[in-house]
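# Structural characterization, general
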Amino acid sequence: MKEKLSIIKIGGNIIEDETSLNAFLKLFSNLEGKKILVHGGGKRATHVASKLGIQSQMVNGRRITDAKTLEVITMVYGGLVNKNVVAKLQALNIDAIGLTGADINSIQSVKRPVKDVDFGFVGDVEKVAHKSIDKLIQADFTPVFCAITHDGKGQLLNTNADTITSQVAIGMSKLYETSIYYCFELNGVLEDINDKNSVVKHIDTNLYKDLLEKGIIADGMLPKLENCFAALNNGVSAINMGNTEMLTQENDNFTKITL
């Protein structure tokens with residue numbers, strides 16, 4: 001019987017709001033068992049870039065990462081946001097360690113090939129060093145990953161935090177029974193986007209196909225769910241989507257995704 005490992009990803013809206021971040025980190029610190037935290041910070045990076053006179057370019061909701069933008073992302077994700085989160089966790093008696101994918105060669109990526117769009121210094125994950133990450137976990141450290149990986153040749157790469165979460169979970173599933181928690185502002189996958197209480201509480205493969213056909217899963221939720229089923233098909237046990245309250249045992253109003 002494998003030991004359980006929870007991998008939690010928080011989005012930019014939580015990071016941006018001090019009250020929301022503090023509330024989340026309290027819930028995270030109370031979560032029992034071994035755990036990993038993954039965060040982005042895109043909104044903060046856009047704000048800092050603007051202050052420095054660097055314009056942020058987006059295509060279909062994805063950031064174009066040129067050399068100057070990569071510098072800002074490294075400063076914001078790997079420095080400002082990551083160390084702020086780590087410091088707050090230390091205050092809650094969680095022995096956290098902040099990481100990029102370059103640290104202990106934990107997450108290696110390849111620069112995204114240019115097709116219709118040149119995304120610049122953006123990485124697609126190729127390899128997760130699950131044994132190295134586990135050494136930290138076994139030493140009772142809680143890894144806190146920001147959305148930066150590397151190519152193994154000295155180049156840092158901006159990498160989607162949702163993807164890092166699923167790829168780390170897949171890697172760690174070789175050693176643990178892994179569950180993912182995607183925390184965002186909605187209560188979960190909604191049957192009606194205009195009704196925040198219309199949560200679809202359990203989605204399996206069959207219901208997923210049905211929701212796709214009905215157009216209920218569409219737009220930004222489409223790649224998220226594709227990512228989820230890819231993870232489930234590669235060893236992850238369960239995936240949960242909803243607001244941060246799903247980390248409490250009292251709340252069952254979120255979406256659980258299984259095969």
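Throughout what follows, the structure given in this document is the object of discussion. Residue indices follow the written sequence of each chain, beginning from 1 at its first position. Selection of residues for local features in this predicted model requires a pLDDT of at least 70, selection of side-chain atom pairs for listing and counting requires 80 or more, and totals for whole chains, interfaces and linings are taken over all residues. Computation of side-chain values covers all heavy atoms of the structure but excludes hydrogens and water.

## Some details on the packing of helix H3 (residues 42–51) against helix H4 (residues 67–91)
Stated precisely, the cut-off is as follows: Each axis is a line fitted through C-alpha atoms, taken for helices only over the stretch in contact, and angles between the N-to-C directions span 0 to 180 degrees. Segments assigned H or I by DSSP are reported as helices when at least four residues long, segments assigned E as strands when at least two residues long, and all are numbered from the N terminus. Here is the rule for angles: anything less than 35 degrees is roughly parallel, anything more than 145 is roughly antiparallel, 65 through 115 is roughly perpendicular, and the remaining ranges are oblique. By definition, any crossing whose near helix is turned counterclockwise from its far helix by less than a right angle is left-handed, and any crossing with a clockwise turn is right-handed. Any pair of residues with heavy atoms lying within 4.5 Å of one another is described as a contacting pair. Note on residue categories: nonpolar means Ala, Val, Leu, Ile, Met, Phe, Trp, Tyr, Cys or Pro, charged means Asp, Glu, Lys or Arg, and polar means any other residue, Gly included.
At their nearest, the axes of H3 and H4 sit 9 Å apart, and the two run at 125 degrees to each other. Relative to H4, the element H3 is oriented oblique. Crossing hand, H3 versus H4: right-handed. Across from Gly42, Arg44, Ala45, Val48 and Ala49 in H3, the residues of H4 making contact are Val72, Ile73, Val76, Tyr77, Leu80 and Val81. A per-class count over the contact of H3 with H4 returns nine nonpolar, one polar and one charged.

## Here's the deal with the sheet that holds strand E5 (residues 96–99)
Two pairing modes exist for strands in a sheet, parallel and antiparallel, and in both the strands are linked by backbone hydrogen bonds. Just so we agree on the cut-off: If DSSP finds at least two bridges between two strands, the strands pair.
Read from one edge to the other, the open sheet built from eight strands follows the order E5-E8-E2-E1-E11-E13-E14-E12, with strand pairing classed as mixed. The sheet is open, and its two borders are formed by E5 and strand E12 (202–203), each paired with just one other strand. As paired strands, strand E1 (residues 4–10) and strand E11 (residues 177–183) are joined by seven bridges and run parallel to one another. When the bridges of E11 are listed, Leu5 appears paired with Thr178. The strands touched by helix H2 (residues 18–30) are E1, strand E2 (34–39), strand E8 (142–145) and E11; relative to E2, the strand with the most contacts, the crossing angle is about 155 degrees.

## Some words on the environment of Ile14
In plain terms, the rule: Categorising residues by exposure relies on relative accessible area from a 1.4 Å probe, with only protein chains included: less than 20% of the type maximum marks a residue as buried, more than 50% marks it as exposed, and the intermediate range marks it as partly exposed.
The topology assignment puts Ile14 in helix H1 (residues 12–16). Since its relative accessible area comes to 9%, Ile14 is described here as buried. Sequence separation between Ile14 and Cys183 is 169 residues; the distance between their C-alpha atoms is 8.7 Å. For Ile14, the residues in contact, after removing those within four places along its chain, are Ser20, Leu21, Phe24, Cys183 and Thr244.

## So, the pairing of E1
Counting buried residues in E1 gives six out of seven residues, a clear majority hidden from the surface. By the bridge criterion, six bridges tie E1 to E2 in an arrangement that is parallel. If you follow Ser6 over to E2, its bridge partner there is Lys35.

## Comments concerning H2
An α-helical turn contains 3.6 residues, so any two residues separated by three or four positions project in the same direction. Put simply, the rule is: One fewer than the residue count of a helix, multiplied by 1.5 Å, yields its expected span.
A rise of 1.5 Å per residue sets the reference length of H2, with its 13 residues, at 18 Å; its end C-alpha atoms lie 19 Å apart and thus fit the reference within 8%. Along H2, the residues that are buried comprise Leu21, Phe24, Leu25, Leu27, Phe28 and Ser29. Buried positions along H2 lie against E1, H1, E2, H4, E8 and E11.

## Quick look at the packing of helix H7 (residues 205–213) against helix H8 (residues 221–232)
Across the interface, H7 lies against H8 with an axial gap of 12 Å and an inter-helix angle of 160 degrees. Judged by the inter-axis angle, H7 sits roughly antiparallel to H8. For the element pair H7 and H8, the recorded crossing hand is left-handed. Contacts from Thr205, Tyr208 and Leu212 in H7 reach Leu222, Leu225, Glu226 and Phe229 in H8. Along the lines of polarity and charge, the residues of the contact of H7 with H8 split into five nonpolar, one polar and one charged.

## Points about unusual backbone geometry
One non-glycine residue, Ile104, adopts positive backbone phi at about 50 degrees. Mapped onto the elements of the fold, Ile104 is located in the loop between E5 and strand E6 (107–111). The class of Ile104 is partly exposed, set by a relative accessible area of 42%.

Fair warning: the whole summary comes from geometry, so function is off the table for now.
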